[in-house]
Amino acid sequence: MRTSPRASTPRRYLMCPPTYYRVTYSINPWMDPGKPVDLQLALAQWEELRDRYRALGHTVEVLAPRTDLPDMVFAANGATVVDGRVLGARFAHPERWAEAAAHREWFRAHGYEAVREPEHINEGEGDFAVTATWLLAGRGFRSSPLSHPEAQEFFGRPVIGLDLVDPRYYHLDTALCVLDDSTDAEVMYYPGAFSPGSRAVLERLFPDALIATEEDAAALGLNAVSDGKHVLLPQAAVGLFEPLRARGYEPIGMDLGELLKGGGSVKCCTQELR
């Protein structure tokens, strides 16, 4: 078990306020148009997450929401950024198609030069997780397997494909979280979200991983963000707090219950600008 203190590193995040957030269609098992969203509460919860990042010393950039795109609050899905290079998204469902262009426009307007419009379906950091040298890449419900070699060629990093098999965990970021991206060793994940072969790959790559229970995974406890020391995660994932502390992390519980109605939590609302 780690004995030396952990240190956070300043991060830059891109977030989009839930100004026009609503659930009027269903494109994942969490979404039920019959359950109304409390928009004011959703905005207050989002603001608490944004303010917590800033209080921890991180920078939060804000992407302007659009009235016709209620899922823009889930900013992690709009792109993947590594070493200043931006691989845009290509969404699986037509309800979200226009989000991809809004993200690419933001990056170009903010001085990013290497911005790629992808050929194959990928939903940004929903299905791409970044370690020190790898990209872990989900597939099975949203992102196409063909997006994996595209990402590898663009970023010049090995891409490790992982098959998702439980529709509740339709994106990789609902089933796995990188805890320390300065290494290739520290993640937490829920095995039941993955195929047997992908579980075997994860066991081989991460023999000391923090394994989440079904209860904590079902609270979207793995839809979390770590800065190397602080781990912001859904407060309902109570079983993850002590294991994280035992590994030297400082878990911070967040209430994003209104965003959960759309199938997302902390990570879904947070795109990292590496």
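Conventions we followed
- Residues numbered from 1 in each chain as written.
- Predicted model: local features only at pLDDT ≥ 70, side-chain atom pairs only at ≥ 80, totals over all residues.
- Heavy atoms only, no water.
- Helix = DSSP H or I, 4+ residues; strand = E, 2+ residues; numbered from the N terminus.
- Rg over C-alpha atoms; globule rule 2.2 N^0.38 Å.
- Buried < 20%, exposed > 50% of the residue type's maximum accessible area, 1.4 Å probe, protein only.
- Contact = heavy atoms within 4.5 Å.
- Lys, Arg positive; Asp, Glu negative; His and termini not counted.
- Charge placed at Lys NZ, Arg CZ, Asp CG, Glu CD.
- Phe/Tyr/Trp six-rings, centres within 6.5 Å; stacked < 30°, edge-to-face > 60°.
- Lys NZ or Arg CZ within 6 Å of the ring centre and 35° of its normal.
- Pairing = 2+ DSSP bridges.

An unreviewed UniProt entry lists the protein chain under the name Arginine deiminase-related protein, with Streptomyces hesseae given as the organism.

**Thoughts on the overall build of the protein chain**
Along the protein chain, the regular secondary structure elements total seven helices and 15 strands. Over its C-alpha trace the protein chain gives a radius of gyration of 17 Å, about what one expects of a compact globule, namely 19 Å for 274 residues. Once the C-alpha set of the protein chain is aligned to its principal axes, its extents read approximately 50 × 40 × 35 Å. Residues counted as buried form 55% of the 274 residues belonging to the protein chain. The long-range fraction of contacts in the protein chain, counting pairs at least 24 apart against all pairs at least 6 apart in sequence, stands at 70%. Here the protein chain carries 28 positive and 38 negative side-chain charges, and the mean point of each set is 2 Å from the other.

**Focus: the packing of aromatic side chains**
By the definition in use, this model includes nine aromatic pairs. Look at Trp134 and Phe206: their rings are 6.1 Å apart centre to centre, the planes differ by 70 degrees, and that puts the pair in the edge-to-face class. With a gap of 72 residues between them, Trp134 in the loop between β6 (128–130) and β7 (135–139) and Phe206 in the loop between α4 (196–205) and β11 (210–211) connect regions that are remote in the sequence. Ring centres 6.1 Å apart and planes at 80 degrees place the aromatic pair Tyr189 and Phe194 in the edge-to-face group. Phe194 matches Tyr189 in its accessibility class, with the two residues each being buried. One Lys or Arg, Arg6, reaches over the ring of Tyr249 and ends 3.8 Å from the middle of that ring. The positively charged end of Arg85 is found above the aromatic ring belonging to Phe154, 4.2 Å away from the centroid.

**Focus: the pairing of strand β10 (residues 186–189)**
Going residue by residue along β10, you find Glu186 and Met188 tucked away on one face and Val187 and Tyr189 tucked away on the opposite face as well. With four bridges joining them, strand β9 (residues 176–180) and β10 adopt antiparallel strand pairing. By the bridge assignment, Val178 is partnered in β10 with Val187. Remark: five residues form the turn of the hairpin made by β9 and β10, two consecutive strands paired antiparallel. For β10 and β11, the ladder comprises two bridges, and the chain directions are parallel. Across the sheet, Met188 pairs through a bridge with Leu210, a residue of β11.

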